[in-house]
Amino acid sequence: MSYSYFSDAYAEPSRQQYPPPNYLPPNPQHFSDHPGRYNSNDRARAWTSAGRGSTTAGRFGGRSTGRGFEHTNARNPNQNYSQNYNQKVQNPNQYQTISERFTKLKLAEEENATTGINFDAYEDIPVEITGTDVPKPVNTFAEIDLGEVLNDNIKNRCKYVKPTPIQRHAIPVALAGRDLMACAQTGSGKTAAFCFPIISGVLKTTSSAPVYGRREMVAYPLALVLSPTRELCCQIFEEAKKFCFETGVKVAVAYGGAPVYPQLKSLERGVDILVATPGRLTDLIERSRISLAKIKYLALDEADRMLDMGFEPQIRKIVERLDMPSRGSRQTMLFSATFPTEIQRLASDFLKDYIFLSVGRVGSSTDLIQQKVVFVEDSEKRDYLRNLLHDEKAKGNLGKNALTLVFVETKRSADSLENWLCRIGFPAAAIHGDKVQFERERALRSFKNGVTPILVATDVASRGLDIPRVAHVINFDLPRDIDSYVHRIGRTGRAGKSGLATAFFNDKNSSIAKAISELMKEANQDAPDWLNQYAESHSSSNDYRHGSSKFGGRDFRSGNGNNADDGGNADYRGTSNSYYDYAPSPVAAEFSTSNYGGGGGGGGYESVVASGWE
DNA sequence: AAAAAAG
């Protein structure tokens, strides 16, 4: 297996001026045995056999960010995962090389092709659960009482053989009626993780028919699922509909950019579960077409994005100022791949006595994704991209079954890059927020079905979208925050498949050099020396996005352990269970319990977090 | 200084 576009590229005269020679990756051999992308038919086959199309929403695969475990580690040096983590840091050589792991997983992918999910990728997955009275995880769907019809859908229609790690832990928590903050990469089965308990709960409730006022109806959904983009909203809706098949549970969708009337018609037919984006939802509430008064379940997908600056007021309005029942009288579940501390703090306003769950690999958010960073000046990016795409194409890594997703910074550059790519013979589509909804959906469709194997996108496509067969994510422009980077590269390497992520880096990106470098290290991949140098000379930022290890992956409530005895935070004291999932011995026996709220225990936490709580 | 989300 040869993977050599680096050497090829550098041999070209047109590119010899950059990157400067000293920016060359120190060890070209590192790239010489790239394991290649998955045989992209795997998924297609899997889905065909399951009788599904390829547009199904994310439910499998992926890893979550394991960041933050190191803090726990500092505090509990005796725990299993901590030891493991230490070993990793101190002696990386004792571990299999990336390519060995890739090869192993590649083989496993093929074996697992029929189930559509590569469970071997979840070996030894670390799990952290904090909160009071944590319900025990389950190992099979059979152990969960979801109701007969739903069980049948899961088993016979969706062909789910066993729950993914996030599902194993989140479903029991949700069924116990507990609020939940869950950290796991999109595509790891989060949609199902919150849909199953909601559907099951709705089945036990009397459906509420729309109430007719003097003239028009008002819909009273029992469950609300919010998503930050329209496309993700559609994806969740499709997924939920499938789960609800023949259960009698009614799902409806409401998002902007599309005609209101059909959405209203479907609301009129009654709705149990409403999947929506914030704008259209608020609009419909204010027009008194929807009331949230009967909401029993609230789920926020990509919750950290939803609570991000600029978005948060809208969400807060929906959750706190409109007619939504207060926390405690509804069940709230937040899901995301990244959960920065600041966001956790905001989110805790929506939750009551919640359980924090983090499922991911220690020290690696992305170990199935081979990350590469190359130094490319802005003015040379197009040339570089052209050569890169030519090489990938020559190797069969670009085409109908090996899609390439190119992220750019602005809507304008998305259009212009799309145009240029088409002109130079690479069929491409573009998606961004200035296109009308129809164009957005058309672009996504032509990408998914391989008509345009290249999609140029802004961050509208960075989160949650489950696009099978994405073999390569190119960060043509790096994002300004590392969370976005994590989400973007998470569009590949899904369902336990391997993937490649290439980033074009230059001076303008120095603020996230450190974060990328750390992310790569934690994924056991070698960041180039020049990147590490950037990381060192630009390590000052206190911004949580640029700082180190603040993705979440760890319950921010744990940070105030030292104050537990003052009584003020008693509500937040909980038990933490950290252990390896898919361990050889029964999971229950693997629980190693420690009390994070017990005070003392050696601090070592980000002071930012602790002081924030005072 | 960007993107997203209502029309």
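Anything mentioned here points back to the structure above.
Below is a short write-up of the structure. What you are looking at is a predicted structure, and each value in this text was computed from that prediction instead of being measured.

## Let's talk about the overall build of chain A
A count of helical and extended segments in chain A gives 22 helices and 18 strands. Expressed as a percentage of the 614 residues in chain A, the buried residues total 63%.

## Here's the deal with the protein's contact with DNA strand B
Near DNA strand B, the surroundings consist of 24 residues, among which Arg 280, Arg 305, Lys 411, Gly 433 and Arg 440 are the closest. Protein-adjacent atoms of DNA strand B, using a 4 Å cutoff, are sugar or phosphate at a proportion of 67%. Taking Gly 279, its main chain carries an N or O atom lying 2.8 Å from a phosphate oxygen of DNA strand B. Separating a phosphate oxygen of DNA strand B from a backbone N or O atom of Gly 433 is a distance of 2.2 Å. Per-element tally for the surface near DNA strand B: the top contributor is helix 11 (residues 278-286), with four residues.

## A few points about unusual backbone geometry
The phi torsion at Asp 133 lies on the positive side, around 45°, for a residue other than glycine. Mapped onto the elements of the fold, Asp 133 is located in the loop between strand 1 (126-131) and helix 6 (148-157). Even without a glycine there, the phi angle at Lys 159 is positive, about 60°. Mapped onto the elements of the fold, Lys 159 is located in the loop between helix 6 and helix 7 (165-175).

## Describing the packing of aromatic side chains
For the coordinates displayed, the defined rule picks out 14 aromatic pairs. Ring geometry for Phe 375 against Trp 530: centres 5.5 Å apart, planes inclined by 85°, an arrangement best described as edge-to-face. One end of the pair, Phe 375, is in strand 11 (residues 369-375); the other, Trp 530, is in helix 20 (residues 529-537), and 155 residues separate them in sequence. Each member of the pair, Phe 375 as well as Trp 530, carries the same accessibility label: buried. Judged by relative accessible area, which is 3%, Trp 530 ranks as buried. Each residue in the set Phe 141, Tyr 160, Phe 196 and Phe 243 is aromatic and connected to the rest through ring pairs, giving one cluster. Lying over the aromatic face of Tyr 220, Lys 294 brings its terminal NZ or CZ to 4.6 Å of the ring centre. Positioned above the aromatic ring of Phe 476, the side-chain terminus of Lys 381 is 5.6 Å from the ring centre.

## Examining the packing of helix 18 (residues 482-489) against helix 19 (residues 513-522)
Their axes nearest at 10 Å, the elements helix 18 and helix 19 cross at an angle of 45°. Taken together, the axes of helix 18 and helix 19 are oblique relative to one another. Judged by the sense of rotation from one axis to the other, the crossing of helix 18 with helix 19 is right-handed. Contacts from Ile 482, Tyr 485 and Val 486 in helix 18 reach Ala 515, Ile 516 and Leu 519 in helix 19.

## Thoughts on the pattern of salt bridges
Under the counting rule described, the total for this entry stands at 25 salt bridges. Note that Lys 242 is salt-bridged to Glu 239, the shortest N-O span being 3.3 Å. Remark: Glu 239 and Lys 242 occur in helix 9 (residues 230-244); sequence separation between them is three residues, near one turn of the helix. In this pair, the class of Lys 242 matches that of Glu 239, namely buried. Between Arg 316 and Glu 320 there is a salt bridge, with its nearest N and O atoms 3.1 Å apart. You can see Arg 316 and its partner Glu 320 sitting in helix 13 (residues 312-321), four residues apart, about one turn around the helix. Looking at Arg 316, the relative accessible area reads 18%, which means it is buried. Taken together, the salt bridges that share partners define one network made up of Lys 190, Asp 301, Glu 302, Asp 304 and Arg 463.

## So, the packing of helix 15 (residues 381-394) against helix 16 (residues 411-423)
Their axes nearest at 12 Å, the elements helix 15 and helix 16 cross at an angle of 50°. As judged from the angle between their axes, helix 15 and helix 16 are oblique. In the packing of helix 15 onto helix 16, the handedness of the crossing is right-handed. Facing Arg 382, Leu 385, Arg 386 and Leu 389 of helix 15, the residues of helix 16 in contact are Ser 416, Leu 417, Trp 420 and Leu 421. Residue composition of the contact of helix 15 with helix 16, by class: five nonpolar, one polar and two charged.

## A few points about the pairing of strand 15 (residues 470-475)
By the criterion of burial, strand 15 is predominantly enclosed, with six of the six residues buried. Relative to strand 15, strand 12 (residues 403-407) runs parallel, the two being bridged by five bridges. Note that in strand 15 the partner of Leu 403 across the bridge is Val 470. Two strands pair when backbone bridges link them, and strand 15 and strand 16 (residues 499-505) are joined in this way by four bridges, in the parallel orientation. Bridge pairing links His 472 to Leu 500 in strand 16.

## Remarks on the sheet that holds strand 15
Hydrogen bonds along the backbone pair up the strands of a sheet, which may run parallel or antiparallel. The parallel open sheet is built from six strands, whose spatial order is 11-16-15-12-14-13. The outermost strands of the open sheet, each flanked by one partner alone, are strand 11 and strand 13 (428-431). Sheet twist, expressed as the mean angle between neighbouring strand axes with direction ignored, is 20°. Alignment of strand 13 against strand 14 (residues 454-457), held across four bridges, turns out to be parallel. If you follow Ile 431 over to strand 14, its bridge partner there is Ala 457.

## Regarding the state of the cysteines
Under the counting rule described, the total for this entry stands at zero disulfides. Cysteine Cys 233 shares no disulfide, and the gap to the nearest cysteine sulfur, in Cys 234, comes to 5.9 Å. Relative accessible area serves as the criterion here: at 0%, Cys 233 is assigned to the buried category.

Cut-off values and rules
- Residues numbered from 1 in each chain as written.
- Chains lettered and ligands numbered in written order.
- Predicted model: local features only at pLDDT ≥ 70, side-chain atom pairs only at ≥ 80, totals over all residues.
- Heavy atoms only, no water.
- Helix = DSSP H or I, 4+ residues; strand = E, 2+ residues; numbered from the N terminus.
- Buried < 20%, exposed > 50% of the residue type's maximum accessible area, 1.4 Å probe, protein only.
- Near = heavy atom within 4 Å.
- Polar contact = N/O pair within 3.5 Å; in protein donor to acceptor, adjacent residues only side chain to side chain.
- Phe/Tyr/Trp six-rings, centres within 6.5 Å; stacked < 30°, edge-to-face > 60°.
- Lys NZ or Arg CZ within 6 Å of the ring centre and 35° of its normal.
- Axes fitted to C-alpha atoms, helices over the stretch in contact; angles between N-to-C directions.
- Parallel < 35°, antiparallel > 145°, perpendicular 65-115°, else oblique.
- Left-handed = near helix turned anticlockwise from the far one by under 90°.
- Contact = heavy atoms within 4.5 Å.
- Salt bridge = Lys/Arg side-chain N within 4 Å of Asp/Glu carboxyl O.
- Nonpolar A, V, L, I, M, F, W, Y, C, P; charged D, E, K, R; others polar.
- Pairing = 2+ DSSP bridges.
- Disulfide = S-S within 2.5 Å.

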